[in-house]
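The chain contents come next:
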Amino acid sequence: MLCKSLPALSLFLMLCVSQVQADGGMVMNFKGRIFEPACEFNGGKTIDVNFDRVGIKKVDGVKYAQVTAVSLNCKQGGDKKLRLQLQGETLGGMGNVLTTNVNNLGIAIQDINGEPITLNRFFDAPDPITFSFIAVPVKKDAAMPLEAGPFNAIATLVSSYF
């Protein structure tokens, strides 16, 4: 009896597979989270961090560090915590380093105490009025030289109450 049902099972499976291939269909999942931004940053102005002139042989992850304070104008979140997130493209597995337009150069983002801020992950806002951070140029590979020229990186600061 088992032998007789195997050919039928094979035919059934072939029909199912050919049906999927004939339709060309594939299930797609969409998901996300709707939230209302909790804060206005920097009075609605762009947050600019200017490193000015950076020596290509002096980039060491310490020199040229810039401390930036961003004002926060936040709505009240009730009993929820204010959370912030810096969104941006990370440099080759370095979770707190933004990619720049220059090969091997990134911008490390740290909290005011020098601790790394992981990009693309929410964290508790240490202060509901001001967000201060340190940005410092770093090399991905210390042995690889940098090319001279202008550089830039882009990040987005977002807020929410959780």
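One can find the structure itself at the top, above this paragraph.
Residues numbered from 1 in each chain as written. Predicted model: local features only at pLDDT ≥ 70, side-chain atom pairs only at ≥ 80, totals over all residues. Heavy atoms only, no water.

**Describing the overall build of the protein**
- The number of helices and strands found in the protein is one helix and nine strands.
- Its helices and strands taken in sequence order, the protein reads α-β-β-β-β-β-β-β-β-β from the N to the C terminus.
- Put simply, the protein shows about 11500 Å² of open surface, and 57% of that area lies on carbon and sulfur atoms. (Helix = DSSP H or I, 4+ residues; strand = E, 2+ residues; numbered from the N terminus. Areas by Shrake-Rupley, 256 points an atom, 1.4 Å probe, with all protein chains shown as cover.)

**Some words on the nonpolar core**
- Grouped together as the largest cluster of nonpolar side chains are 27 residues, with contacts concentrated most on Leu-82, Ile-109 and Phe-131.
- Breaking this core down by element, the ones donating at least two residues are strand 1 (39–41), strand 2 (66–74), strand 3 (82–87), strand 6 (105–111), strand 8 (130–139) and strand 9 (156–161).
- Leave out the neighbours within four places in its chain, and Phe-131 touches Thr-68, Ala-69, Val-70, Leu-72, Leu-84, Leu-86, Ile-117, Phe-123 and Leu-157.
- Ranked by size, the runner-up nonpolar core spans five residues in total, among them Leu-91, Val-97, Val-136 and Val-138. (Core = buried A, V, L, I, M, F, W, Y, C linked by side-chain atoms within 4.5 Å. Buried < 20%, exposed > 50% of the residue type's maximum accessible area, 1.4 Å probe, protein only. Contact = heavy atoms within 4.5 Å.)

**With respect to the layout of surface pockets**
- Approximately 490 Å³ is the volume attributed to the largest pocket.
- Forming the walls of the largest pocket are 23 residues, and the residues nearest its centre are Ile-47, Val-49, Leu-98, Ala-153 and Ala-155.
- When contributions to the lining of the largest pocket are tallied by element, the ones reaching two or more residues are strand 6, strand 8 and strand 9.
- The element that contributes the greatest number of residues to the lining of the largest pocket is strand 8, accounting for three residues.
- A per-class count over the lining of the largest pocket returns 17 nonpolar, four polar and two charged. (1 Å grid on protein atoms, 1.4 Å probe; cavity = no way out; pocket = protein on both sides within 12 Å on 5 of 7 lines; lining within 4 Å. Points joined across faces, edges and corners; volume = space filled by probe spheres on them. Nonpolar A, V, L, I, M, F, W, Y, C, P; charged D, E, K, R; others polar.)

**With respect to the pairing of strand 9**
- Burial analysis of strand 9 places five of its six residues in the buried class, the great majority of the element.
- Alignment of strand 3 against strand 9, held across six bridges, turns out to be antiparallel. The residue of strand 9 that forms the bridge with Leu-86 is Leu-157. (Pairing = 2+ DSSP bridges.)

**Remarks on the state of the cysteines**
- What the rule picks out here adds up to one disulfide.
- One disulfide in the model links Cys-39 with Cys-74; its S-S distance is 2.0 Å. Taking the sign of the S-S torsion, about 95 degrees here, the bridge from Cys-39 to Cys-74 comes out right-handed. Of the two residues, Cys-39 sits in strand 1 while Cys-74 sits in strand 2, which places them 35 residues apart along the sequence. Here Cys-39 and Cys-74 have matching classes, each one buried. (Disulfide = S-S within 2.5 Å.)

**Some words on the pattern of salt bridges**
- Under the defined criterion, the tally for this structure stands at three salt bridges.
- The partner of Asp-60 in a salt bridge is Lys-63, with the nearest N and O atoms 3.5 Å apart.
- Taking the relative accessible area as the measure of exposure, Asp-60 reaches 43% and is therefore partly exposed.
- Accessibility expressed as a relative area gives 41% for Lys-63, which makes it partly exposed.
- Between Asp-124 and Lys-81 there is a salt bridge, with the nearest N and O atoms lying 3.3 Å from each other. Placement of Asp-124 in strand 7 (residues 123–124) and of Lys-81 in the loop between strand 2 and strand 3 is noted, with a sequence separation of 43 residues between them.
- Through salt bridges with shared partners, one network takes in Lys-81, Arg-83 and Asp-124. (Salt bridge = Lys/Arg side-chain N within 4 Å of Asp/Glu carboxyl O.)

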